[in-house]
Amino acid sequence: MKYDYKAIEKKWQDVWENENTFAAKQDFTLPKYYALVEFPYPSGQGLHVGHPRSYTALDIVARKKRLEGYNVLYPMGWDAFGLPTENFAMKNHIHPEIVTEKNIARFKSQLKSLGLSFDWTREINTTDPSYYKWSQWIFLQLYKKGLAYKKEMSVNWCTSCKVVLANEEVVGGVCERCGGEVVHKVKSQWMLKITAYADRLVDDLDDLDFIDRVVAQQKNWIGRSHGAEVKFTTTLGDELLIYTTRPDTLFGATYMVISPEHPSIAKWADKIENMDEVKSYQDAASRKSDFERTELAKDKTGVQLKGVRAVNPVNGKEIPIFISDYVLISYGTGAIMAVPAHDERDYDFAKKFDLPIVEVVKGGDIEKEAFTDCASGIMVNSGFLDGMSVDDAKEAITKWLADKNFGTPKVNFKLRDWVFSRQRYWGEPIPMVNCEKCGWIPLPESELPLKLPEIQDFEPSGDGESPLARHTEWVNTTCPCCGGAAKRETDTMPQWAGSSWYFLRYMDPHNENAIASKEALEYWSPVDWYNGGMEHTTLHLLYSRFWHKFLYDIGVVPTKEPYAKRTSHGMILGENGEKMSKSRGNVVNPDDIVRDYGADTMRVYEMFIGDFEKSAPWNTSSIKGSRRFLERVWGLAERMQGGDDYTKAIESSMHRTIKKVTQDIEQLKMNTAIAAMMTLINEMYEQPSITRADMRTLLVLLNPFAPHITEEMWQQLGFGGQLAHTKWPVYDEAKCVDATVEIAVQVNGRVRAKINVAADVSNDDAIAAAKAEPAVAKELDGKTIMKEIYVKGKLVNIAAK
RNA sequence: GCGGGCGUGGCGGAAUGGCAGACGCGCUGGUCUUAGGAGCCAGUGUCUAGUACGUAAGGGUUCAAGUCCCUUCGCCCGCACCA
């Protein structure tokens with residue numbers, strides 16, 4: 001009979017939908033497993049072939065875990081707020097809600113056509129008021145704990161989208177979304193104090209099963225550094241606080257640099273002799289775009305502040321103070337001591353401005369370049385530190401500074417607080433009210449959700465205000481505190497809000513009284529395995545860890561971390577090896593593949609394409625190999641005869657394959673699991689016939705990968721019930737090896753013969769058998785044997801001279 | 001510059017320090033066929049065809065190295081004037 005994939009796939013997808021086959025059970029006594037993939041943004045383009053790579057991989061894990069007896073939660077939903085939908089809505093004069101609904105419908109049918117075993121009874125949507133009610137609720141809790149605050153600050157303003165961007169949305173000085181020019185603009189923004197959690201976000205990574213590159217990238221992003229703050233006095237009688245990671249080099253500080261935005265400049269203004277020059281440098285610095293800042297990084301510029309000098313606390317020496325934009329106001333204290341001998345940037349600056357360079361750690365050649373890699377160096381020209389190692393000097397100077405009240409140890413982070421306001425319509429309204437008398441007042445929780453008003457004009461005003469600001473009937477309200485006239489916050493939340501806690505909602509998606517019930521949270525937490533893209537490592541993944549830690553602190557969730565395990569998939573590239581994109585014309589539509597080859601083929605192909613963690617180019621002709629494999633599985637049916645035991649000749653292969661597939665799925669090595677099954681069926685075809693037991697085990701092993709064809713064959717061959725409700729096969733370690741094995745015999749590491757020995761042969765017998773081989777004996781003739789090694793089941797190696 | 005990773009046939013890729021190239025694609029020949037861009041069978045790292053040489057290049061450790069160590073080259077990803 002022909003393998004009619006279309007009919008088969010439709011048939012089983014209908015069964016799964018009607019029977020809710022994959023809905024997680026409400027029985028909290030069962031062992032649980034929570035597998036999670038990042039929910040998609042339902043774009044107008046529909047599903048990309050990249051999506052199923054991640055979804056299928058964890059679908060395989062989820063299906064296997066179910067067969068192993070776990071109560072599995074494998075949910076799906078929609079991260080549906082966001083700019084593209086709003087932009088589409090503006091352009092086509094359709095409400096974003098309608099656009100979203102349409103896009104979701106398309107995505108959902110595409111996902112269903114792939115046979116993914118999501119629990120659709122728990123589908124969530126971040127734009128649903130019953131969902132964003134809780135995003136708003138979390139914001140209010142953050143506010144109550146002082147972790148949400150409003151701040152006048154310089155923000156990134158995209159001149160094209162006319163919207164404020166988070167630092168993370170500015171890439172290379174341009175808007176991440178549209179590539180438009182980004183300039184700075186001062187605006188009052190809601191901020192979230194993620195920096196309060198910086199230490200824990202770093203430290204707790206060590207206890208998690210996250211792949212190394214995710215851990216490294218998050219640590220790098222948070223950028224914790226240990227150093228000291230040191231107080232310098234000035235000739236004007238006040239103080240200047242600097243931050244350094246190298247207090248040991250304090251004797252080498254020959255000048256200071258402060259950021260052009262540093263507040264001391266205004267304080268000193270009437271004492272600074274060249275204030276005109278200083279002012280024009282400040283102006284120039286503020287006009288520089290992010291792009292110019294990064295491009296011109298190498299060429300140091302600056303202006304000395306004439307009329308004020310700093311005093312080095314260790315030796316009382318007066319040193320000049322400069323302003324330069326290589327010192328950032330946003331990091332540390334916005335002021336540094338410059339040690340040109342041991343810092344490249346200071347070295348460049350000193351050379352350009354002809355400033356003294358004093359070596360304080362021996363070992364480099366400071367005539368040529370800064371000596372920075374000097375951890376093992378010895379201190380010189382450093383008074384009481386002379387002769388010490390760098391580490392000892394650090395300790396000694398830190399103590400000295402503390403004793404004299406000149407400085408304290410200090411930890412700094414690159415991580416900044418999270419700009420949480422967006423001047424857009426299609427996001428969660430921030431539930432805050434501004435009253436002239438009472439200031440910012442949170443909306444009472446009883447008034448949540450604060451719904452988005454129905455409006456028709458989504459265009460940003462272009463003055464930096466949200467489109468909501470025009471709708472005075474919504475904006476004007478009463479103060480929850482005093483009852484007087486007040487105005488609502490018109491900014492909305494960023495897209496990252498809804499995705500920062502969505503995995504919690506899946507646990508109990510219809511709860512009207514809480515994010516989820518205590519029982520559900522206790523049972524399902526944490527997510528056992530979370531797979532997603534590397535591009536979300538420093539944004540979504542970090543933000544959601546932050547929110548989760550906060551929810552843990554206020555007693556809402558039972559674990560301090562949301563995800564026990566995190567893996568990441570590589571991209572699927574176009575056939576030309578380039579990133580898939582419309583403009584490159586190399587986009588593959590998953591619908592076409594499902595139509596032409598079937599969902600099972602598509603699934604097997606995407607899993608077989610290569611190492612899961614690496615990117616791999618799409619190859620249309622390779623798909624045929626996956627299809628051929630399934631056709632061959634289909635063809636095995638007519639070779640099946642009776643028998644409740646494995647065919648003797650392939651028994652060990654059966655056990656080995658079960659072992660291999662079982663282990664490979666856990667390690668996301670789907671490509672080698674499939675290769676093992678291919679090898680197995682090649683062996684099956686070499687047999688005159690196969691047994692029901694052979695067939696049965698093969699179908700269960702293959703089921704997570706190709707659920708439709710296996711379920712259909714299971715039914716047609718009369719194994720009884722549904723494959724989805726059967727048990728995962730077990731292997732017998734003892735039966736994984738054949739009775740006799742072929743091993744290689746090496747002399748001095750070169751293969752000279754191959755012999756067959758019993759699998760459990762002793763060391764001595766194996767070596768004796770090896771020596772008996774004529775080719776080996778010939779090699780050994782006249783030589784002295786130095787060493788004889790037998791590696792069980794692999795080889796014998798005889799070292800001889 | 002800092003951090004992470006990678007370099008293996010024509011291609012995607014396999015190899016707990018133990019016979020490099022599993023599995024698949026492609027290709028070659030055969031077979032069946034009115035036909036084959038289907039199926040089946042056989043072959044397929046390289047060459048000077050030797051039990052020869054081969055995992056970016058060079059060196060080292062080891063009975064044994066794609067794998068471990070050192071040096072060099074090249075590529076990818078993230079961050080980047082973070083003091």
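All chains use their own residue numbering, which begins from 1 and follows the written sequence. Each chain is given a letter, starting from A, and each ligand a number, starting from 1, according to the order in which they appear as written. Under the rules for a predicted model, residues below a pLDDT of 70 receive no local features and side-chain atom pairs below 80 are neither given nor counted, while totals for whole chains, interfaces and linings still include all residues. To get the side-chain values, all heavy atoms of the structure are used, and hydrogens and water are removed first.

Brief notes about the overall build of chain A
Move 1: Only DSSP runs of H or I reaching four residues or more are called helices, and only runs of E reaching two or more are called strands; each is numbered from the N terminus. Across its full length, chain A holds 26 helices and 32 strands.
Move 2: Referenced to the eigenvectors of the C-alpha coordinate spread, the extents of chain A come out at roughly 100 × 85 × 50 Å.
Move 3: Only protein chains enter the accessibility calculation, which uses a 1.4 Å probe. A residue is then buried if its area is under 20% of the maximum for its type, exposed if over 50%, and partly exposed in between. Here chain A holds 801 residues, and the buried ones make up 56% of them.
Move 4: Here a residue-residue contact requires only that any non-hydrogen atoms of the pair lie within 4.5 Å. Once local pairs closer than 6 in sequence are excluded, the contacts in chain A between residues at least 24 apart make up 73%.
Move 5: With the model as given, the accessible surface of chain A reaches about 34,800 Å², and the carbon-plus-sulfur share is 49%. Using a 1.4 Å probe, accessible areas were evaluated by the Shrake-Rupley method; residue-level cover was limited to the displayed protein chains.

What to know about the environment of F81
Move 1: Relative to the assigned elements, F81 resides in the loop between β3 (77–78) and α3 (83–92).
Move 2: Of the residues examined, F81 reaches a relative accessible area of 2% and is grouped as buried.
Move 3: Separated by 15 residues in the primary sequence, F81 and P96 place their C-alpha atoms 8.8 Å from one another.
Move 4: The residues touching F81, leaving out its near neighbours within four places in the chain, are Y41, T126, T127, Y132, W426, G427, E428, L452 and Q495.

Some details on the protein's contact with RNA strand B
Move 1: Around RNA strand B there are 50 residues in total, and T245, Y326, R345, I609 and K754 lie nearest to it.
Move 2: The near set for a molecule or strand comprises every residue that places at least one heavy atom within 4 Å of it. Across the atoms of RNA strand B situated within 4 Å of the protein, the share located in sugar and phosphate is 63%.
Move 3: At a separation of 2.9 Å, a phosphate oxygen of RNA strand B approaches a polar side-chain atom of S225.
Move 4: Here a polar contact is recorded for every N or O atom pair within 3.5 Å, except that within protein the pair must consist of a potential hydrogen donor and a potential acceptor, and residues adjacent in sequence are included only if both atoms are side-chain atoms. The contact in question runs from a phosphate oxygen of RNA strand B to an N or O atom on the side chain of N671, over 3.2 Å.
Move 5: Among the elements of the structure, α7 (212–222), β12 (239–244), α20 (620–635), α22 (670–686), β29 (740–747), β30 (750–758), β31 (785–791) and β32 (795–800) are those that each provide at least two residues to the surface near RNA strand B.
Move 6: Ranked by residue count, the leading element in the surface near RNA strand B is α22, at six residues.

Some words on the packing of helix α2 (residues 50–67) against helix α19 (residues 599–608)
Move 1: Whenever a helix is involved, its axis is fitted only over the stretch in contact; in every case the axis is a line through C-alpha atoms, and angles between N-to-C directions fall within 0 to 180 degrees. One can describe the packing of α2 onto α19 by two numbers: an axis separation of 9 Å at closest approach and a directional angle of 100°. Classified by the angle between their axes, α2 and α19 sit roughly perpendicular to one another. In this structure, α2 contributes P52, R53, T56, A57, D59, I60 and R63 to the contact, and α19 contributes M602, R603, E606 and M607.
Move 2: Residues that form the contact of α2 with α19 fall into these classes: five nonpolar, one polar and five charged. Oblique is the label for every angle not falling under 35 degrees (roughly parallel), over 145 degrees (roughly antiparallel), or within 65 to 115 degrees (roughly perpendicular). We call Asp, Glu, Lys and Arg charged. Ala, Val, Leu, Ile, Met, Phe, Trp, Tyr, Cys and Pro are nonpolar, and the rest, Gly among them, are polar.

Observations concerning the packing of helix α18 (residues 590–597) against α20
Move 1: Here α18 crosses α20 at 45°, and the two axes come no closer than 12 Å. By the criterion of interaxial angle, the relationship of α18 to α20 is oblique. Viewed along their axes, α18 and α20 form a crossing whose handedness is right-handed. Contacts between α18 and α20 pair I593, D596 and Y597 from the former with T620, I623, K624 and R627 from the latter.
Move 2: Tallied by class, the residues present in the contact of α18 with α20 amount to three nonpolar, one polar and three charged. Crossings are sorted by hand: turned counterclockwise from the far helix by less than a right angle, the near helix makes the crossing left-handed, and turned clockwise it makes it right-handed.

What to know about the environment of V339
Move 1: Inspection of the secondary structure puts V339 in the loop between β16 (335–338) and α11 (344–353).
Move 2: Under the relative-accessibility criterion, V339 is labelled buried at 6%.
Move 3: With 21 residues separating them in the primary sequence, V339 and V360 have C-alpha atoms 9.1 Å apart.
Move 4: In this view, V339 contacts T249, G252, A253 and D346; residues no more than four positions away in its chain are not counted.

A closer look at the side chain of R63
Move 1: Within the secondary structure, R63 sits in helix α2.
Move 2: R63 has contacts with W16, F22, G115, L116, S117, R603, N703, P704 and P707, leaving out every residue within four places of it along the chain.

Some remarks on α22
Move 1: Counted at 1.5 Å a residue, the expected span for α22 with its 17 residues is 24 Å, and the 25 Å between its end C-alpha atoms agrees.
Move 2: Residues of α22 that are buried include every one of M670, N671, A673, I674, A676, M677, M678, L680, I681 and M684, and no others.
Move 3: As for α22, its buried residues are in contact with α2, α19, α20, α21 (651–666) and α23 (692–702). For a helix, the expected span equals 1.5 Å multiplied by the number of residues minus one.

Re the pattern of salt bridges
Move 1: For salt bridges, the criterion is a side-chain nitrogen of Lys or Arg within 4 Å of an Asp or Glu carboxyl oxygen. One pass over the structure, following the stated rule, counts 44 salt bridges.
Move 2: The salt bridge partner of R122 is D119, with a shortest N-O separation of 2.9 Å.
Move 3: On the accessibility criterion, R122 (4% relative accessible area) is buried.
Move 4: With a shortest N-O distance of 3.4 Å, D592 and R595 are connected by a salt bridge. Taken as a pair, D592 and R595 lie in helix α18 at a separation of three residues, close to a single helical turn.
Move 5: D592 sits in the partly exposed class, given a relative accessible area of 31%.
Move 6: What emerges from the salt-bridge pattern is a single network uniting D204, R545, K549, K560 and E561.

Some points on a nonpolar patch on the surface
Move 1: Like-charged residues are merged into a patch within 9 Å and nonpolar side chains (Val, Leu, Ile, Met, Phe, Trp, Tyr) within 5 Å, provided each residue has over 30% relative accessible area and no salt bridge. A surface patch of nonpolar side chains, amounting to about 250 Å² of accessible area, comprises F88, I94 and I98.
Move 2: Turning to its location among the elements, F88 is positioned in helix α3.
Move 3: Overall, the relative accessible area of 38% leaves F88 in the partly exposed class.

Re the sheet that holds strand β26 (residues 565–568)
Move 1: Pairing within the open sheet is parallel, and its five strands lie in the order β2-β1-β25-β26-β10. Each having just a single partner strand, β2 (71–73) and β10 (209–210) make up the two edges of the open sheet.
Move 2: By definition, two strands form a pair when at least two bridges between them are found by DSSP. Taken together, the three bridges between strand β1 (residues 32–37) and β2 define a ladder with parallel strand orientation. When the bridges of β2 are listed, Y33 appears paired with V72.

Details of the confidence of the model for chain A
Move 1: Scored from 0 to 100, pLDDT reflects the predictor's confidence in each residue. Averaged over every residue, the pLDDT of chain A is 91; the share at 70 or more is 98%.
Move 2: Across the predicted assembly, pTM comes out at 0.93 and ipTM at 0.95.

Observations regarding the sheet that holds strand β9 (residues 182–192)
Move 1: Strand order in the open sheet formed by four strands is β6-β5-β9-β20, with antiparallel pairing between adjacent strands. The open sheet has two edge strands with one neighbour each: β6 (163–165) and β20 (418–419).
Move 2: The sheet contact formed by β9 and β20 spans two bridges and is antiparallel. Opposite L192, over in β20, you have W418 as the bridge partner.
Move 3: Where helix α5 (residues 129–144) meets the sheet, its contacts fall on β5 (148–158) and β9, and the angle it forms with β9 comes to roughly 85°.

So, helix α17 (residues 540–553)
An α-helical turn contains 3.6 residues, so a residue and the one three or four places further along point in the same direction.
Move 1: For α17, with 14 residues, the first-to-last C-alpha span of 20 Å sits near the 20 Å given by 1.5 Å per residue.
Move 2: With respect to burial, α17 is a largely interior element, twelve of its 14 residues being buried.
Move 3: Buried within α17 we find H540, L541, L542, Y543, S544, R545, F546, W547, H548, K549, F550 and L551.
Move 4: A positive phi of about 80° marks G555, the residue just after α17.

Thoughts on the side chain of D248
Move 1: Mapped onto the fold, D248 is located in the loop between β12 and β13 (255–258).
Move 2: What makes D248 buried here is its relative accessible area of 0%.
Move 3: Among the polar contacts made by the side chain of D248, one reaches the side chain of R246 at a distance of 2.9 Å.
Move 4: Non-local contacts of D248, meaning those with residues more than four positions away in its chain, are made with M379, L385, V390, A393, K394 and I397.

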